[in-house]
Amino acid sequence: MELSTHEPVFPLGRWFAEAPIQGFRQGYHVRREIYQGRSPYQSIQVIETDLLGTTLILEGAVQTSSVDEHIYHEMLVHPALCALAAPRTVLVIGGGDGGALRRVLEHPTVERAVQVELDRAVVDTCLKYLPEISAGAFDDPRVELVIGDGARYLAETNERFDAILVDSTDPVGPAEALFSEAFYRAAFRALAEDGVFVTQSGSPLLMGAELGKAARQLRRVFPVVAPYLASIPSYPGVIWSFLSATKGKDLAAVPPAEIERRLEGIVTRYYTPAMHQAAFVLPADLARSLAAGQDDAVGLLPVSAAVSR
Ligand code: SAM
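The structure contained in this document is the topic of the report that follows.

Scoring rules and cut-offs
Residues numbered from 1 in each chain as written. Predicted model: local features only at pLDDT ≥ 70, side-chain atom pairs only at ≥ 80, totals over all residues. Heavy atoms only, no water. Buried < 20%, exposed > 50% of the residue type's maximum accessible area, 1.4 Å probe, protein only. Helix = DSSP H or I, 4+ residues; strand = E, 2+ residues; numbered from the N terminus. Contact = heavy atoms within 4.5 Å. Near = heavy atom within 4 Å. Polar contact = N/O pair within 3.5 Å; in protein donor to acceptor, adjacent residues only side chain to side chain. Areas by Shrake-Rupley, 256 points an atom, 1.4 Å probe, with all protein chains shown as cover. 1 Å grid on protein atoms, 1.4 Å probe; cavity = no way out; pocket = protein on both sides within 12 Å on 5 of 7 lines; lining within 4 Å. Sits in = over half its atoms within 2 Å of the grid points. Salt bridge = Lys/Arg side-chain N within 4 Å of Asp/Glu carboxyl O. Phe/Tyr/Trp six-rings, centres within 6.5 Å; stacked < 30°, edge-to-face > 60°. Lys NZ or Arg CZ within 6 Å of the ring centre and 35° of its normal. Points joined across faces, edges and corners; volume = space filled by probe spheres on them. Nonpolar A, V, L, I, M, F, W, Y, C, P; charged D, E, K, R; others polar. Domains from an automatic or database assignment. Pairing = 2+ DSSP bridges. Axes fitted to C-alpha atoms, helices over the stretch in contact; angles between N-to-C directions.

Considering helix α6 (residues 181–190)
At step 1: Listing the buried residues of α6 in full gives Glu-181, Phe-183, Tyr-184, Ala-186, Ala-187 and Ala-190.
At step 2: Along its buried surface, α6 packs onto β6 (89–94), α5 (150–156), β9 (161–167), β10 (191–200) and α7 (208–221).

See the structure below:
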């Protein structure tokens, strides 16, 4: 069967498979189809799978699951916030499931968290079917939820944030603007002098072209860009990448003792001071191709995803 990019398929009626590139798909046995709808921006599905529990799918791509959401959200939020002595203001772009917001609010110094999510339907769907992910975060008095385009918000805001975290869908459709140099320039302007910017940047195995392009563009704007990895079973290829960027701080060099102190009272299941350090260690090929600023040959495989997209 011919599979097009990110098209949801249910072969045998009981499987969901994500096929981000030709020649690869990652599938889950579906126990139950819970919800299927369409917002003005995207198709929205919620299914229950044997492995991942309740799973949110947007435009045919798995976004989060009740079983492994903690890995992605801890690794998007804690490396940035634990690099800061006292983060007070945080901007989250995307992340309609609320899992990133919840981890931001776990840091006791945070006084204000703005979340800009394009699609109210994602927030509402997650509140209804996956409430355990946000766990009340949207009701926290420190939170301002803005329904709108994150790129536009960032371009127009006069606020300065200690951390800007981009919890976006893949760089197609409405999320494309969140991977542009103009967006990174707006983030630089809106970031405090010692602040931290982090964006999810896809699978280094299957989406090397996108990762390479994002890293190259970020490096044109920020003096320090440090990629890091986490293993997230629900995302295609499992190994997932993040790009951190700062105006000088080296996230990879934050002393474990400082991280330990900043994590006091925060319960994590994946992130630890040692995991922070380990996450910034990249396989040789990936480190080399990212450092070389290549556009379409970045990745863990010698033949990049660019070949088949
Ligand atoms: N954890 C996920 C991943 O890496 O696959 C991302 C999950 S989160 C639900 C992604 C969110 O980004 C979606 O709810 C989508 O509506 C939102 N989004 C996409 N483009 C956006 C934009 N331009 N501004 C704000 N939010 C956007």
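Points about the environment of Gly-99
At step 1: Relative to the assigned elements, Gly-99 resides in helix α2 (residues 99–105).
At step 2: Gly-99 sits in the buried class, given a relative accessible area of 0%.
At step 3: For the pair formed by Gly-99 and Phe-280, sequence separation is 181 residues and the distance between their alpha carbons is 22 Å.
At step 4: Every residue in contact with Gly-99, bar those within four places of it in the chain, is listed here: Glu-69, His-73, Ile-133 and Ser-134.

What about the site of the ligand?
At step 1: In the vicinity of the ligand lie 25 residues, with Gln-42, Glu-117, Asp-149, Gly-150 and Tyr-235 positioned nearest.
At step 2: Within the backbone of Gln-63, one N or O atom sits 3.2 Å away from a nitrogen atom of the ligand.
At step 3: The fraction of the free accessible surface of the ligand (600 Å²) that becomes covered by protein chains is 99%.
At step 4: Placement of the ligand is best described as lying within the largest cavity.
At step 5: Contributions of two or more residues to the shell around the ligand are made by β5 (61–65) and β7 (112–117).

Side note on the pattern of salt bridges
At step 1: In this structure the tally under the stated criterion is 15 salt bridges.
At step 2: The shortest N-O distance in the salt bridge between Arg-31 and Asp-50 comes to 3.0 Å. Highlighted residues: Arg-31 in strand β2 (residues 26–38) and Asp-50 in the loop between β3 (43–49) and β4 (53–58), separated in sequence by 19 residues.
At step 3: One salt bridge connects Arg-112 with Glu-159, and the closest N-O pair in it is separated by 2.7 Å. Here Glu-159 lies in the loop between α5 and β9 and Arg-112 lies in strand β7, a separation of 47 residues in the sequence.
At step 4: Judged by its relative accessible area of 23%, Glu-159 is partly exposed.
At step 5: Through salt bridges that share partners, Arg-31, Arg-32, Glu-48 and Asp-50 make up one connected network.

Here we look at the packing of aromatic side chains
Remark: the centre distance and the inter-plane angle together describe each pair of aromatic rings, the angle taken between the planes.
At step 1: Considering all chains together, one arrives at 11 aromatic pairs under this definition.
At step 2: Centre to centre, the rings of Phe-183 and Phe-197 are 6.4 Å apart; their planes meet at 65 degrees, and the pair counts as edge-to-face. In this pair, Phe-183 is assigned in helix α6 and Phe-197 in strand β10, connecting sequence segments 14 residues apart. Each member of the pair, Phe-183 as well as Phe-197, carries the same accessibility label: buried.
At step 3: Consider the rings of Phe-197 and Phe-222, whose centres lie 5.8 Å apart with planes at 20 degrees: the pair is stacked. Remark: Phe-222 occurs in the loop between α7 and β11 (224–231) and Phe-197 occurs in strand β10; sequence separation between them is 25 residues.
At step 4: Taken together, the aromatic side chains of Tyr-72, Tyr-228, Tyr-235, Trp-240, Phe-242 and Phe-280 make up a single cluster linked through ring pairs.
At step 5: Over the aromatic face of Phe-188 sits the side chain of Lys-247, whose NZ or CZ is 4.4 Å from the ring centroid.

Considerations on empty space enclosed by the protein
At step 1: This structure, assessed with the given rule, holds one cavity of 30 Å³ or more.
At step 2: There is about 380 Å³ of room inside the largest cavity.
At step 3: Those elements that place two or more of their residues in the lining of the largest cavity are β4, β5, β6 and β7.
At step 4: It is β5 that provides the largest number of residues to the lining of the largest cavity, a total of three residues.
At step 5: When its residues are assigned to classes, the lining of the largest cavity shows 15 nonpolar, 10 polar and seven charged.
At step 6: Residue assignment places the lining of the largest cavity across two domains, with domain 1 (15–65) and domain 2 (69–291) each supplying three or more.

Quick word on the sheet that holds β7
In a beta sheet, neighbouring strands are held together by backbone hydrogen bonds and run either parallel or antiparallel to one another.
At step 1: Strand order in the open sheet made by the seven strands is β8-β7-β6-β9-β10-β12-β11, with mixed pairing throughout. Only two strands of the sheet have a single partner each, and these edge strands are β8 (143–147) and β11. On average, each strand axis in the sheet is inclined to that of its neighbour by 15 degrees, with strand direction left out of account.
At step 2: Alignment of β10 against strand β12 (residues 239–246), held across five bridges, turns out to be antiparallel. The residue of β12 that forms the bridge with Val-198 is Ser-244.
At step 3: Sitting on the sheet, α6 is in contact with β6, β9 and β10, with an inclination near 145 degrees to β10.

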